[in-house]
Amino acid sequence: MLNLANNAFTDEQYRKALDLLATLPSARTLQKAAADSNRPKSLLASLFPNHEGPIATAIRILARIEQELSFLPIRVFKSFNFRKPNPNVREKASTQATQALSLLEEASEKGHLEAMYILGMSSLFPPPGASLNATKAFYAFEQHATLTGNSTSQSLVAFIHSTGLQGAVPVDQAKALLWYTFAGLGGDQHAEMSLGYRYFLGVGVSEDCMQALDWYESAAEKSMAHFQAGPPGGRTLPPTPLKLTDLAGGVFGYGASAASSGIMANRPVIKAAQALKTGERWEEVIEYWRFHADRGDMEAAYRLGKIYYHGGMYNTPGGISAGVEGVATVTRDFSQSRMYFLKVARQVWPRDNPAKPNLSKIEDVEQPDRYFALLSAHFLGRMHLRGEGVRQDVKVAKMWFERAAKEGDKESLNALGIISRDGLLDGKSKEDDAILGDLHYHGIGVDEAPILRQEKAAGYYHAAIDSFSTIAMWNVGWMYENGIGAQRDFHLAKRYYDMALETNHHAYFPIVLSLIKLHLRSLWYIMRGGKQQNLILWGDDENEGWWPKLWKSEQSGSGTDGSNRPKVVDIDDEDPIKRARDIRDAAVGIGGDDEDPGEDYFDGMTRRRGGGVNGDGVGDGEFEEWEDDWELVILAALAVTIGVLVMLRRYYEQRRLEALERRRREQRAAEQQEEQQQQHQHQREPQHLHHQQAMGDRAPNPDMNPPPPPPMPGAGLDDPLLQNMAIFM
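Given the structure is predicted, the values throughout are model-derived calculations rather than measurements.

(A) Focus on the overall build of the protein chain. The secondary structure content of the protein chain amounts to 28 helices and zero strands. Burial status across the protein chain gives 36% buried among its 729 residues. Of all intrachain contacts in the protein chain linking residues separated by at least 6 positions in sequence, the fraction that spans at least 24 positions is 57%. Carbon and sulfur atoms provide 56% of the accessible area of the protein chain, an area that totals close to 43600 Å².

This is how it looks when you write it as C-alpha cells:
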C-alpha cells in the first residue's frame, strides 16, 4: 500500500510538472511581451491595422514618433491604450520553469522513468525561463538509458561524451562511439547521422564509406518518411541552423573566406548576415513594403505575403517547401499572408468559380502585375490545399493551381500532380491510371479491338504522366518508339524516356539501354529510307522542350534573347532587402537610368497615380487631383505636427532647466542662512550669560542705565545676519 501511495504521489508530481511546462510562454512570446512593454498598442492603430491610403500610414508614423519623444507630458496614443503589457512575464516564466524542474527532479529520484527523460530534455534544451544544465541532463539520460534502453537517451549520452558539454564529463570518443552504436541499432536518427559522419571521416574508427552509406541511407529514409507524413506536398522545412562563422562571412571575413566568396556569396544566410551587419531591422523592411502595398504596389504586396507565409526574408534553395534561413526570421502569419496574396491575385481573377477557374479572368492587366498575380495564385492554392490559415479545400486549391498552371507556373503544375497522384479530389491516384493502361494494353477484362485498346492505354498512360509516374513515362516512350497506340515518333519517344530518367534516377540502367536501342533503331530507320529526322546522338534535341513557357504572347518579343517573354523584375526575386534598397536608391537618383524608380517611403505620399480612362478616352483627372491635394494636406499636417512637437520639446526642456536652477539657488540660500544663524547664535550666547550674572549682583536702575542711542546711519552693516538678509532685498 505504501508503494502504491508513493507511486500515485510521484505520478501527481510528474503530471503537475508537465502542466507547468505546457503553460510556459514561448521564447518568441517573451520577446514580444518585452517589446510590447515599450510599445503599447493604441486604439487608433487597431482601427487602422492595415488600411490603404495616407491616413493609416500617417497614424503609424505618428505612433513611432511618439515612442521616441519620451519627454512629452501627454501621450495621445498611450491614452487610448486598452491592452497593458505584463512587465513581470519573464519573472513569472522563470519561477514556473524552476518549479517544474524541481518537481521532475523529485519524481526522477523516486524512480519515475518518464520524469527522468523529461528532466534530461528540459535540462539540455531548457524551456523559456530556465538555463542549460548539462550535468543534470547527462545523469538523467544515463539513468534512463540504463533502465529502459531508450535509443534517444543513449544518443544524447553519446553526444555529451563526445563534446564534454559544460564539463559534465571528460571528452571520451570511445564511450561516445559505443553509446552511438547502441542508439543507432535502436533506430535513433541522430545517432545514425553521427555514425555515418564518423565512418566517413574516420573519427574513432577506420574510414569505411560503405558503413557510412548504410547509416546515412537509414537516416535519410526516416527523414523522408517524416517529411511525407505531413500535409499534401510534405512538411515545410524548419529554418536552417545558424553558424556563428556565417555572421562574420567565414573564418577570414567577407570575400576572403570560402563561406562568402564565389557562388557561396549568394547563400541566403550570407545575404541576411550582411544585411544585419549594415544595421537593417526586419520590422522596418516590413514597414517599407507595407507602405507601398497600401499604396497599391502589387510587387510590395506579393513580397509581404511571401515574407509572412515563410516567416523570413530569404528562402533557402529547393522549392517552396525548403523553408528559410535562420537569421532574418519573422513571425509567420497566414492571415496576413493570405490577405496580401488575395489583393494581388484579384487584379487578374476578381471572382472565383472552381468549375471554370478562368471565367472571370481580366486580360488587360500590366505584365508585372500579371506576373505577381500568378505567383500569388500558387500560394493561395497551397494554403487551401494544406489548410494553412484557412479551412482545407482541395477544390478551391485546384482552382488556384489551374489558374497559375495555365500561365506556366511549374510549382502549380507540381501541385496538380500531387492532387492527382494522391487522389485528393476524386479518390484516384496515379497507380490507378497506370493499372488501367496495363489492363487495356493487355486486354484483361476489356472486350475491344486491339487498336482501340492500345489507344485507350496510351491515354491512361498520359494521364498517369501528369502525376509523374515513371513507368507511365517509359510506357508512352515505348509506344511512340514502336508505333503502338500512337504514330511512330522517335523524337517524342526520346523525350518521354528522358522525362522518366529525370523523374527517377534509380531506373538509370534500363532507361539508358532503351535510349541506346532507340538511337540504333532511328539510325537503321534512316538507312532504310525513312523520312523522319534522325536523332542526334551527341547533344540536346533541337526540338522545343517539354516544359511549358512561363510567358506566352501572340506578338514577337523584343528581348535580347529573342524570346517573347518580358523581363518583369530586373533583380534577384529572392532578396527583398536588396530590392527595397534599389528602389530607394533609384528614387534619389543613385541607381541606373534603366531602373524603375518606384516609390520612396515618403515620396510615395506625393506620387500622382496613373489616371483612369473613361469610355471616351478622357482621364478622370479631377478626382485624382483632389485625391493628390488631400495627400499633400496630410503630408503638410504631418510636417507641422513634427515641428510643433520639436518646439514643445525645446520649450518644456527650457522651463525644466530654469525650474531646476531656481530650486538649486533657493536651496543653497536657505542652507547658507541657516548656517549663519547658527554661527551668530553661538557667538552671542557667552555675552548674554555674562550680562545676566552682572545684572544679578545689583538691582536694575533705569536712571543710571539710559537706553542706548539709536544707531548711526551705516552702523551695523557688518552684521552677518543683515548681510544675509540683503541677499533677498
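(B) Summary view of the packing of aromatic side chains. Summed over the entire model, instances satisfying the criterion amount to 16 aromatic pairs. Considering the side-chain rings of Tyr288 and Trp289, the 5.6 Å spacing of their centres and the 85 degrees angle between planes classify their relative orientation as edge-to-face. The residues Tyr288 and Trp289 share a single accessibility class, namely buried. Seen from their ring centres, Tyr302 and Phe341 are 6.1 Å apart, and the 50 degrees between their planes marks the pair as tilted. Of this pair, Tyr302 sits in helix H16 (residues 298–310) while Phe341 sits in helix H17 (residues 334–345), and the two are 39 residues apart along the sequence.

(C) Seen up close, helix H18 (residues 367–386). The first and last C-alpha atoms of H18 sit 29 Å apart over 20 residues, in line with the 28 Å expected at 1.5 Å per residue. Burial runs high along H18: 17 of the 20 residues are buried. Note on H18: the residue one or two positions beyond its end, Gly387, has a positive phi of about 70 degrees.

(D) View of the packing of H16 against H18. In contact at an axis separation of 9 Å, H16 and H18 are set at 25 degrees when each is read in the N-to-C sense. In terms of orientation, H16 lies roughly parallel with respect to H18. In this structure, H16 crosses over H18, and the sense of that crossing is left-handed. Contact residues: H16 offers Met298, Glu299, Tyr302, Lys306, Tyr309 and His310, while H18 offers Asp369, Phe372, Leu375, Ser376, Phe379, Arg382, Met383 and Arg386. Split into classes, the residues belonging to the contact of H16 with H18 amount to seven nonpolar, two polar and five charged.

(E) Fine view of the environment of Ala301. Along the chain, Ala301 falls in helix H16. With a relative accessible area of 0%, Ala301 lands in the buried category. Distance from Ala301 to Phe341, taken between C-alpha atoms, is 7.0 Å for residues 40 residues apart in sequence. Those residues in contact with Ala301 that lie beyond four places of it in its chain are Ala293, Tyr340, Lys343 and Val344.

(F) Representation of the environment of Gly326 within the structure. As for its position among the elements, Gly326 is in the loop between H16 and H17. With a relative accessible area of 28%, Gly326 lands in the partly exposed category. For the pair Gly326 and Leu242, spaced 84 residues apart in sequence, the C-alpha separation works out to 5.8 Å.

(G) Representation of helix H10 (residues 173–185). When the terminal C-alpha atoms of H10 are compared, their 18 Å separation across 13 residues agrees well with the 18 Å that a helix rising 1.5 Å per residue should span. The inward-facing, buried residues of H10 abut helix H8 (134–148), helix H9 (151–163), helix H11 (189–201) and helix H12 (209–228). N-cap assignment for H10: the residue whose side-chain oxygen lies 3.2 Å from the backbone N of Ala174 is Asp172. Of the residues one or two after H10, Gly187 is the one with positive phi, at around 95 degrees.

(H) Spatial organisation of unusual backbone geometry. You will see that Gln166, though not glycine, has its phi angle at about 55 degrees, which is positive. Along the chain, the position of Gln166 falls in the loop between H9 and H10.

(I) Examining a nonpolar patch on the surface more closely. Together, Tyr508, Phe509, Leu513, Ile516 and Leu520 make up an exposed nonpolar region whose accessible area comes to about 560 Å². Along the chain, Leu520 falls in helix H25 (residues 508–527). Take Leu520: its relative accessible area is 54%, and that puts it in the exposed class.

(J) Representation of the side chain of Lys494 within the structure. With respect to the helices, strands and loops of the structure, Lys494 is situated in helix H24 (residues 490–503). Overall, Lys494 belongs to the buried group, its relative accessible area being 12%. For Lys494, the side chain forms a polar contact with the side chain of Asp498, separated by 2.8 Å.

(K) Fine view of the nonpolar core. Counting 48 residues, the largest nonpolar core has Trp282, Trp289, Met313 and Trp400 as the members making the most contacts within it. Broken down by element, this core gets its largest block of residues, nine residues, from H18.

(L) Region of the structure containing the pattern of salt bridges. Overall, the coordinates contain 25 salt bridges when judged by the stated rule. Note that Glu388 and Arg386 form a salt bridge whose closest N and O atoms lie 2.8 Å from each other. We classify Glu388 as buried; its relative accessible area is 9%. Members of the salt-bridge network, linked through shared partners, are Lys361, Glu363, Arg370 and Glu407.

(M) Here's a closer look at the packing of helix H19 (residues 394–406) against helix H20 (residues 410–421). Put simply, H19 and H20 touch, their axes get as near as 8 Å, and they point 145 degrees apart. For the element pair H19 and H20, the recorded crossing hand is left-handed. In contact with Val394, Lys398, Phe401, Glu402, Ala404 and Ala405 of H19, H20 contributes Ser412, Leu413, Ala415, Leu416 and Ile419. Its residues assigned to classes, the contact of H19 with H20 comprises eight nonpolar, one polar and two charged.

(N) Local environment of the confidence of the model for the protein chain. Here the protein chain averages 76 in pLDDT, and 71% of its residues register 70 or above. Between the elements of the protein chain, mean pLDDT differs from a low of 43, seen in helix H28 (residues 720–726), to a high of 95, seen in H9. Across residues 38–45, confidence stays below pLDDT 50; counting only partners more than four residues off in sequence or on other chains, it has 13 contacts. For the stretch residues 592–626, pLDDT sits under 50, and the model shows 55 contacts to residues farther than four places along the chain or on other chains.

What counts, and at which threshold
- Residues numbered from 1 in each chain as written.
- Predicted model: local features only at pLDDT ≥ 70, side-chain atom pairs only at ≥ 80, totals over all residues.
- Heavy atoms only, no water.
- Helix = DSSP H or I, 4+ residues; strand = E, 2+ residues; numbered from the N terminus.
- Buried < 20%, exposed > 50% of the residue type's maximum accessible area, 1.4 Å probe, protein only.
- Contact = heavy atoms within 4.5 Å.
- Areas by Shrake-Rupley, 256 points an atom, 1.4 Å probe, with all protein chains shown as cover.
- Phe/Tyr/Trp six-rings, centres within 6.5 Å; stacked < 30°, edge-to-face > 60°.
- Expected span 1.5 Å × (residues − 1).
- Axes fitted to C-alpha atoms, helices over the stretch in contact; angles between N-to-C directions.
- Parallel < 35°, antiparallel > 145°, perpendicular 65-115°, else oblique.
- Left-handed = near helix turned anticlockwise from the far one by under 90°.
- Nonpolar A, V, L, I, M, F, W, Y, C, P; charged D, E, K, R; others polar.
- Polar contact = N/O pair within 3.5 Å; in protein donor to acceptor, adjacent residues only side chain to side chain.
- Patch = residues over 30% accessible without salt bridge, like charges linked within 9 Å, V, L, I, M, F, W, Y side chains within 5 Å.
- Salt bridge = Lys/Arg side-chain N within 4 Å of Asp/Glu carboxyl O.
- Core = buried A, V, L, I, M, F, W, Y, C linked by side-chain atoms within 4.5 Å.
- pLDDT = per-residue confidence, 0-100.

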